[in-house]
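Each chain, written out:
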Amino acid sequence: MGDGSPDIVVVTGVAGVGKSVVAQGIARATGWTLAEGDGFHPPANVAKMRAGRALTDADRWPWLAALRDWIAVQERAGSSCVVSCSALKRSYRDVLRDGNPSVRFCALQADGEVLRGRLESRREHFMPASLLNSQLGTQEPLGADEPGVRVDAAGEPAVVVVSALDALGL
Ligand SMILES: Nc1ncnc2c1ncn2[C@@H]1O[C@H](COP(=O)(O)OP(=O)(O)O)[C@@H](O)[C@H]1O
Ligand SMILES: [Mg+2]
């Protein structure tokens, strides 16, 4: 970011909004390291989601802490990176930012109908469409006082990636 500190972008939003696609697009455009937030869940959380059961906050803290710790390594190394992580609530985003001043969010937004259609065609993934309603109910939009940008994610993947890069100034 010009002053020697890294740029750390966390791509957020509900299941199916396109976090993985956009995070991969940002990684490709910038050459930054990419981390998939899904990969930081303890096995018990993955099993729960596969069974169609919503995670509780108690389930989420170890996951978010693991991701925060990975980000902290990048922060200390001065390595810019991009992370996909639903981070639906402000309290979850606060965990990721804790000790990591370079974090900013790229909040992807699309309505429920668009999202349901995408998830139904992604059957191999552990997040069933039945959890989408719970996610939409849980979601707290990015606050004006949180660092980052909001991006409309309803368009074609390539369009959304360009919108995200543009909004982030990358
Ligand atoms: N902008 C888009 N338009 C149409 N389909 C998309 C778009 N972005 C992602 N998809 C598809 O929707 C599904 C969910 O995308 P993904 O990036 O995995 O979402 P997330 O990581 O937020 O759960 C995938 O099958 C993906 O190919
Ligand atoms: Mg994903």
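Rules behind the numbers
- Residues numbered from 1 in each chain as written.
- Chains lettered and ligands numbered in written order.
- Predicted model: local features only at pLDDT ≥ 70, side-chain atom pairs only at ≥ 80, totals over all residues.
- Helix = DSSP H or I, 4+ residues; strand = E, 2+ residues; numbered from the N terminus.
- Buried ≥ 20, exposed ≤ 12 C-beta atoms within 10 Å, placed from the backbone.
- Contact = placed C-beta atoms within 7 Å.
- Axes fitted to C-alpha atoms, helices over the stretch in contact; angles between N-to-C directions.
- Parallel < 35°, antiparallel > 145°, perpendicular 65-115°, else oblique.
- Left-handed = near helix turned anticlockwise from the far one by under 90°.
- Nonpolar A, V, L, I, M, F, W, Y, C, P; charged D, E, K, R; others polar.
- Pairing = 2+ DSSP bridges.
- Core = buried A, V, L, I, M, F, W, Y, C linked by C-beta atoms within 7 Å.
- Near = placed C-beta within 6 Å.

Asker: Looking at this structure, how should I read the environment of Thr33?
Answerer: Within the element layout of this structure, Thr33 appears in strand β2 (residues 33–36). Owing to 13 C-beta atoms within 10 Å, Thr33 belongs among the partly exposed residues under this scheme. With residues near it in sequence (within four places) discarded, Thr33 still touches Ser79 and Cys81.

Asker: Explain the packing of helix α1 (residues 19–30) against helix α7 (residues 157–168) to me, please; I cannot follow it from the model alone.
Answerer: A pair of packed helices can be characterised by two numbers: the angle between their axes and the separation between those axes. Running from amino to carboxyl end, α1 crosses α7 at an angle of 60 degrees, the nearest separation of the two axes being 9 Å. Judged by the inter-axis angle, α1 sits oblique to α7. The way α1 lies across α7 gives a crossing that is right-handed. Facing α1, whose interface residues are Val21, Val22, Gly25, Ile26 and Ala29, α7 presents Pro157, Val160, Val161, Ala164 and Leu165. Per-class residue counts for the contact of α1 with α7 are nine nonpolar, one polar and no charged.

Asker: I keep staring at the pairing of strand β1 (residues 8–12) and nothing clicks. Help me out?
Answerer: For a regular strand, the rule is simple: side chains alternate between the two faces of the sheet. For β1, the buried fraction is high: five of the five residues fall into the buried class. As paired elements, β1 and strand β3 (residues 81–84) share four bridges and run parallel to each other. Considered in β3, the bridge of Val11 is made with Ser84. The pairing of β1 with strand β4 (residues 103–109) spans five bridges and is classified as parallel. Opposite Val11, over in β4, you have Cys106 as the bridge partner.

Asker: It is not clear to me how the nonpolar core should be interpreted in this structure. Could you clarify?
Answerer: The nonpolar side chains of soluble globular proteins are, as a tendency, buried together. The biggest cluster of nonpolar side chains holds 38 residues, and the ones touching the most others in it are Val10, Val11, Val22, Val83 and Cys106. Within the residue set of this core, elements represented by two or more residues are β1, α1, α3 (57–77), β3, α4 (90–97), β4 and α7. Here this core gets five residues from one element, more than from any other, and that element is β4.

Asker: Whenever I open this one, unusual backbone geometry confuses me. Can you help?
Answerer: Leaving glycine out, the prevailing phi sign among residues is negative, and the prevailing peptide bond configuration is trans. The backbone phi angle of Ala87 is positive, close to 40 degrees, even though this residue is not glycine. Inspection of the secondary structure assignment puts Ala87 in the loop between β3 and α4.

Asker: Is there a simple way to explain the site of ligand 1 in this structure?
Answerer: Every one of the 17 residues lining ligand 1 counts as a neighbour, but Gly18, Lys19, Ser20, Val21 and Arg118 are closest to it. Going through the elements one at a time, α1 and α7 are the ones with two or more residues in the shell around ligand 1. With three residues, α1 is the single largest residue contributor to the shell around ligand 1. Residue classes in the shell around ligand 1 are distributed as six nonpolar, seven polar and four charged.

Asker: Help me understand the sheet that holds β4 in this model?
Answerer: The strands making up a sheet associate through backbone hydrogen bonding, with each pair oriented either parallel or antiparallel. The strand order across the open sheet formed by five strands is β2-β3-β1-β4-β5, and the pairing between neighbours is parallel. Unpaired on one side and paired on the other, β2 and β5 (148–152) mark the two borders of the sheet. Between one strand axis and the next, the sheet turns by 20 degrees as a mean value, whatever way the strands run. Strand direction decides the pairing type here: β4 and β5, joined by five bridges, are parallel. Its bridge partner being in β5, Cys106 is matched across the sheet by Val149.

Asker: Whenever I open this one, the packing of α3 against α4 confuses me. Can you help?
Answerer: Two numbers describe how α3 lies on α4: the axes approach to 8 Å, and their chain directions differ by 35 degrees. Our pair here, α3 against α4, has a crossing hand that is right-handed. Residue-level contacts link Arg60, Leu64, Ala65, Leu67, Arg68 and Ile71 of α3 to Tyr92, Val95 and Leu96 of α4. Among the residues making up the contact of α3 with α4, the classes are represented as seven nonpolar, no polar and two charged.

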